[in-house]
Structures are given as C-alpha cells and as structure tokens.
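These are the residues of each chain, in order.
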Amino acid sequence: MIEFIEVRKQYGAAVALDGISLQVNPGELCVLLGPSGSGKTTLMRMANRLVEPSSGSIRLNGRDILAGDPVALRRGIGYAIQSVGLFPHRTVAENIATTPELIGMPRAAIEARVDEMLAMMQLDPARYRGRYPSELSGGEAQRVGVARALAADPPLLLMDEPFGAIDPINRAAIREQFLELQRRLRKTILFVSHDIQEAIQLADRIALLRDGRLEQFGSPAELIASPANRFVEQFFGRDRAMLMLDALTAADALDPAPAAGARGSVPSHAPLRDLLMGLLRDGGAGIDVVDDGARIGTVTLESIGRRMGSGAREEREA
Amino acid sequence: MSDFTGYIAENIGMIGLRLAEHVGIVGLALAIAAPVGLLAGIALADERARGVRGAIFYILGLGQTVPSLAILALAVGVLGVGWVPATVALLLYAVIPIARNSYTGLRAVPEPAVDAARGMGMDRWGILRQVELPLAAPYIIAGLRTATVFAISAGALASLIGAGGLGDFIFTGIALYKPEAMLAGAIPTAMLALAADWGLGRIEKRMGRWRRTT
Amino acid sequence: MSVMEFLREYDQSLLIALYEHLRLVGIALLIAAMIGIPLGIRIARRERIAGATLFLLSAIQTIPNIALFGLMIPILAMINRGIGPFPATVAMVLYALLPLTRNSYVAIREVPASALDAARGMGMTERQILLRVALPLAAPGIIAGVRIAAGMSIGVAAIAAYIGAGGLGLFIVRGIQTTWNMMTIAGAAGIALLALVVELLLGWAERALRPRGMRGEEIR
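One structure accompanies this document, and this report is about it. Per chain, residues are indexed from 1 in the order of the written sequence. Whichever chain is written first is A, and whichever ligand is written first is 1; the rest continue in order. In keeping with the model being predicted, local features are shown solely for residues with a pLDDT of at least 70 and side-chain atom pairs are shown and tallied solely at 80 or more, while totals for entire chains, interfaces and linings include all residues.

1. Section: the overall build of chain C
Next, step 1: For chain C, the count of helices and strands is 8 helices and 0 strands.
Next, step 2: The way it works is that DSSP assigns letters per residue, a run of H or I at least four long becomes a helix, a run of E at least two long becomes a strand, and they are numbered from the N terminus. Counting from the amino terminus, chain C carries its helices and strands in the arrangement α-α-α-α-α-α-α-α.
Next, step 3: Principal-axis analysis of the C-alpha atoms places the extent of chain C at approximately 70 × 45 × 25 Å.
Next, step 4: In this scheme every C-beta is placed from the backbone, and a residue whose C-beta has 20 or more other C-beta atoms within 10 Å is buried, one with 12 or fewer is exposed, and one in between is partly exposed. Expressed as a percentage of its 220 residues, the buried residues of chain C come to 51%.

As structure tokens, then:
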C-alpha cells in the first residue's frame, strides 16, 4: 500500500538513494536495514515528505503523495523517531493528544484515546498522564513516543530506530511487546534499523540497503537462506544457522502427523529457536502448535531438522 | 564638512588633552579594578565560597543593572566633583564583569587538568598560576573587554562631574548646539571603544587557542 | 532641607519625570522588540546572515551611548529632529536591538531539534510549529533579552535628559549644574530604583514563563 518507484535522492554530487523501487503491503512490517549511510532513514523520511525525492514517485494507496499538501499527508501518518522528540513543555497526555488535536478530534474522544494509548504501551494512565518528559526514564519516553505516533490511528507508521535509546536488557522485552501489539493492530510500518537481530525478530520483510541501493527485499528467511549477492550473504555473517532459527517460526516446521508424547502448545508465530531449545532441554517428543484453540500440527526435532536441512541445501545449491 | 575639519584643526590640542584625560581615568579605574576583580573571582571560585556565592552574584547582578550615570551621580554626592569620584564610579562598574568572568573562567577549567597537576605535586598557588589561570585566561580577558567598554562609555559621562574626558566636547556641543563639537567628541570616543573591543577581542581569541574541546 | 522636605517639595516633578522616563523607555522597547524579536527568530535559521547581523548590532552597542547621541544628533538635525525625545528614542531603539535580537536568536536555536522534527513529521504547519513548540520553549530566553534591553534603555534614557528629552535624568543634570547634591542623588536614586524594580519584575516574568516541564532541564 506504500510504493516507491525508482526513487532517487541527490545532494549536489552525492547520491543518497539510487533508484529504489519497493512495495510494502498493507499490514506488513517492512524493516529498512543497512549500515550507516545506506540511505534507510532518508528513504523513510520520504514517505511523509520530510525529504523530497530528486526523481521518482511514491504512492500511498495508489495516490501520488508528491502532489498535494505535505502537511495534510503527515497528519495521516504516525512518526516515531529515535530521539523521540517529545515536547518538553507539555505533559505526556498533551504530547499524545497532539495529532488528534491537529485533525480536530472532539475533546472527549481525545481524552479517551490518550488513556487507551497509554494502556496499550503498558503505562498506567493515572500515573503517567500528568508527567513531563523530563520526569520519564528513557524507556518510558520512547514508549510515549510510540503512543503519540499511534494516537490518531494512522494506517501507516514511520519508525526510525524507536527502541535505540533503551538499554539492552529492556530492549528485548519492548520488542516482544511491540510485536504483540503489531499482531493485533496490523499497521503498515516502515521501520528503520541497523540491528540484525531486531530486523529478523520484527520484520515481515526486510529491505537491505547499501550506499543507496536496494540489495535485496524479502522475508528474513529468504535473505538468510537465499542471499541475492555476496554482500547480503556476508551481512548476515557466519551465524546464519542461528539467525535462521530466529527468522523461522513454528509454522515453518510443522509436522501434520501427531507425535506420541507431544507436550505443551505454542502459537504458530512462536520463534523456532525457543522451540528447539525447549525440545533439546526436555528431550521431548514434540510440541503441539495450536492456533485459536485448534491444533494445526506438531514441531519435532525431525521437522526442525528437515526445515533447516532444506535451507542448507538451498544454500549449497546457490 | 569644511567647518568640521576646520574645527578639528583648531582644537586638535584640546581634543588630544581630553583624550588623554579620558584614557587616564579609564586606565586608572581598570588598573585597580582588574586585580581586585580577578582576586574576587578567584575567591568566589574557591570551594569554600559555595554558600555565599549565590547571594553575592545576585547583588553584583543588581549592581550592574544600575545605569552608569546614576552611579556617577551617587559618587558625586559622596565624594564631590572631579576625577576622584569619576574614577571610583568607573572602578565599581568595571569590577563586576571582571569578577564574574574570572569566576566563570576558573570554573570552566577541566577537572582532569587540575587533578593531574595535584597528582604531580603542585601546590595550590602553583596550580593556580600554571594551570587554572592560563586556561581561564580567555574568559578573564572577555571580562576585561566588557569592563573596558563600560568604562570608556561611563568615562564619557565623567565630564559632567568635572572629570574632563572626551565627553566634554559632546556635552558642550549639545549645550551650544554645535554639531562639530559633538562629532569631535563622539567620533574619538566611538573609535576608542571599538578599538579597545577589537584589540582585546584578538587577545581573547589568541588565548583561547589551545582550548580545543577537551 | 531634609529628605522628607525635599520629597514633599518635588513630589510632583519627580512623578512627572518618572512618567516621562517610563514613556521614553516603554516606546523605545516596544519598537525595538517589534523589530528585534522577529529578526532574531528569522535569523536563527540562516547562519550567515545571523553572523553579520549580530556583528553589526554588536558594534553599535560598543559605541558608548553619548557618543551615539553625539553622532546622531547632527545627522538628525538635518531633518530638523536633532533634539528632544526623537533622537533619544532612536538611540535607545538601536541600543536595545542587540540584546533583543541576540537573545531571541539563541533562545530559538536552543529549542531541541528533535522536538521540531517530530512536530514537522506529525503534520504541523510552520506557523503551528512556531506558536505551539518553538515560542513556548524560547519564551524565557526572549524575556531575558527584554530584561537586559530594559535595563540598558533606562540608562540611556537617563542621559537623554541632556538633549531635552526629560525623564529622571533631569534631576541629575540640574543637581550637578546647581551643585545641589540632594537633587543629584534624588535623580540617581530614582533611576537606580527604577532599574532594580524593572529587573526584578522581568526576572520574575522570565521564571514564570518557563514551561512547567522544564524546571529540571533534561531534554529528551
């Protein structure tokens, strides 16, 4: 639903983006991944016209966003950046209410929405509404930033390393919560990151960029198992097998036949790595995969091995 | 125009005299204010002054708000007319920015440098002389620069209380409505101030040469 | 004559002088603020013009006030406006421009860039960004500029008495001319008190305008 067509950006003689074309489907979380200077932030900022392309076009739901009023465009897109950019002179509630106010939502609806957003971010509204940004920890501030971006319920979200300033210990937990949220809300998201783990964990598809060029665009598993070129192959380094386990979920290693002695139940989006660890640790025969109360298959050591094996075979053939 | 150049030519001696008077008062005031201000700044920067610092700076700040003419007039009330009250008033005015900037400069000295000096066995005065003052120098010079401009400015008013100086020409010009006289006083005063500001500004920059971001 | 007698005798003159003084300062500050504050905000984005503008204003400020009078009166005399409140006001406006412009410039530049970027990204118009984010955060700095400018203007207005502009400076002028210390001190004390009161009031306003979230100085 957001489409970049041969987008190019030049600053004088320097080329920041060299003809990028990609399409992100509705409800998809697309991670723009790459080393610094790869152009990922520039590309993201084109989606709400904070940066204008030198050439090429960008379509949102089929409409050319380069025609028309950028301000109106931005009010319909959520924007969450690494430095958060909370307004220091306004309370948490006032910060979150910013976009709803800009689009003219009625007061009562705004108040309700603020509470809803805070609760969604696991921040107790009663305690956080009246606080000022200077009174928040790094993690809390970042969560308020995301709440602010979601407040007007925009269909598209732009996020630039939104979890960057959170300490590593809490970062994993926040990512997990965010993923949970995304499963529920199914927003279309352009997410800039330089962190491989983060990209693999969060992305439906990854756009790997280098020096302004799109090196490969596909699911995390595709990029790891079937790299399009040497750069992509080396980008994911040597722990490719382990990364594959992160990229794959229970749904990728299902054995339809029930296994005797299978225990426990996990949803189909459970990461394969955790399941493998569980099976190795308990020596179990298998783990059932259950979606909406119905068993759809079982994960066993064999089924995992088969899936990883086929991946390895693809690698050797490539 | 020719009236003006004629006037200058006629009165060149007097202009020179007034200039000398002006520089004299300013120089004397600064000569006293500089060491006093510096010492005050050093004293305030000392840890032991922590408690009184806020109060003292508040008073100094207020003192600086009072217009120079008022201070000159008050000095006259106490000390009569002449160059003595003028110098005292200028002195009082000049001390404040020097003290303030010296304080700021000393506080801006990077802690690791002082620490290293202490570790190498320098005593209090040695550290002050060899480490703190050189590093605080640009700030101190900045304070001196502000003080000098203030003093030159107030010095121009000193003629009102009988201390002479270039202000004489200006006020005579105003009283008698002689533009040539006004300019004869105003231009040298302005140039004196601009030159002093520029000159001290150059010194300030040269002293700040080695203050890269530490 | 004792102090009380003096005050009783001259109470009207003092009040009139005070009024004239305040009027001079007020008008000059108003004009200077209307020029200086928008100017400071405008040049905050343009580094090159900012440097040149501030340098020029700074040079004007370095020139001692009476020298500025001395330079301007002959010029203004050519259009027959050489004495009275007019040249005084012009000089005060020129003087007040530097603190007003520079403080506004610095205050706007200190607004955290991330907050401005977020505001733009969320779809605020330039005007909304200025009114809702930039100005509230820059307000204390701008008021500080007004405070400094006011203090300076009070001082310059005092001297303006010499060119017929009235104000409390008149007491000093006459006091010195007649060597009547009481009168001189009355003028000086009046000006000093006025300066202090204005300083305290505006200092209080500056603190009051500091947005509640910013007392702790941490910016995210």
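There is more to say, and it comes next.
2. A few points about the sheet that holds strand β11 (residues 263-266) of chain A
Residue and element names in this part refer to chain A.
Next, step 1: DSSP-based pairing: two strands are paired if at least 2 bridges between them are found. Strand order in the open sheet formed by 3 strands is β11-β12-β13, and the pairing between neighbours is mixed. Each of the sheet's edge strands pairs with one partner strand only, and the pair in question is β11 and β13 (294-299). Each adjacent strand pair in this sheet contributes to an overall mean axis angle of 35 degrees, direction not counted. In this description, a line fitted to the C-alpha atoms serves as the axis of each element, helices being fitted only across the stretch in contact, and the angle between N-to-C directions of two axes falls anywhere from 0 to 180 degrees.

3. Quick look at the arrangement of the chains
Next, step 1: Placing C-beta atoms from the backbone, we regard two residues as in contact once those atoms come within 7 Å. For the 2 pairs of chains in contact, the largest share of contacts goes to chains B and C.
Next, step 2: With respect to C-alpha atoms, chain A approaches chain B no nearer than 24 Å, and the pair has no contact.

4. Quick look at the interface of chain A and chain C
Next, step 1: The partner chain C presents 22 residues to the 22 residues of chain A that form the contact.
Next, step 2: When contributions to the side of chain A that touches chain C are tallied by element, the ones reaching two or more residues are α2 (70-75) and α4 (98-102) of chain A.
Next, step 3: A class-by-class count of the residues in the side of chain A that touches chain C yields 12 nonpolar, 7 polar and 3 charged. Amino acid classes used here: Ala, Val, Leu, Ile, Met, Phe, Trp, Tyr, Cys and Pro are nonpolar; Asp, Glu, Lys and Arg are charged; the rest, including Gly, are polar.

5. Considerations on the interface of chain B and chain C
Next, step 1: At the junction of the two partners, chain B supplies 33 residues and chain C supplies 32 residues.
Next, step 2: For the side of chain B that touches chain C, the secondary structure elements donating two or more residues are α2 (50-65), α3 (68-79), α6 (124-157), α7 (167-176) and α8 (179-207) of chain B.
Next, step 3: The residue makeup of the side of chain B that touches chain C, split by class, is 24 nonpolar, 8 polar and 1 charged.

6. Points about the sheet that holds strand β1 (residues 2-11) of chain A
Residues and elements named next belong to chain A.
Next, step 1: The 4 strands are arranged β2-β1-β4-β5 in an open sheet whose pairing can be described as antiparallel. Only two strands of the sheet have a single partner each, and these edge strands are β2 (14-24) and β5 (63-64).
Next, step 2: As judged from the 2 bridges shared by strand β4 (residues 55-60) and β5, these two strands associate in the antiparallel manner. Across the sheet, the residue bridging to L60 is R63, located in β5.
Next, step 3: On top of the sheet, helix α1 (residues 40-47) reaches β1, β2 and β4; it is set at about 60 degrees to β2, its chief contact.

7. Overview of the environment of A47(A)
Residue and element names in this part refer to chain A.
Next, step 1: Here A47 lies in helix α1.
Next, step 2: For the pair formed by A47 and R59, sequence separation is 12 residues and the distance between their alpha carbons is 8.8 Å.
Next, step 3: Beyond its immediate stretch of four places on either side in the chain, A47 contacts I2, I58, I77, L158 and L190.

8. Observations concerning the pairing of β1(A)
Each regular strand displays side chains that alternate between the two surfaces of the sheet.
Residue and element names in this part refer to chain A.
Next, step 1: Of the pairings in the sheet, the one linking β1 to β4 comprises 5 bridges and is antiparallel in character. Across the sheet, residue R8 finds its bridge partner in β4, namely S55.
Next, step 2: Strand direction decides the pairing type here: β1 and β2, joined by 8 bridges, are antiparallel. Bridging across to β2, R8 finds its partner in D18.
Next, step 3: The antiparallel hairpin formed by β1 and β2 contains 2 residues in its connecting segment, where G12 sits at a positive phi of about 65 degrees.

What is shown is where atoms sit, not what they do.
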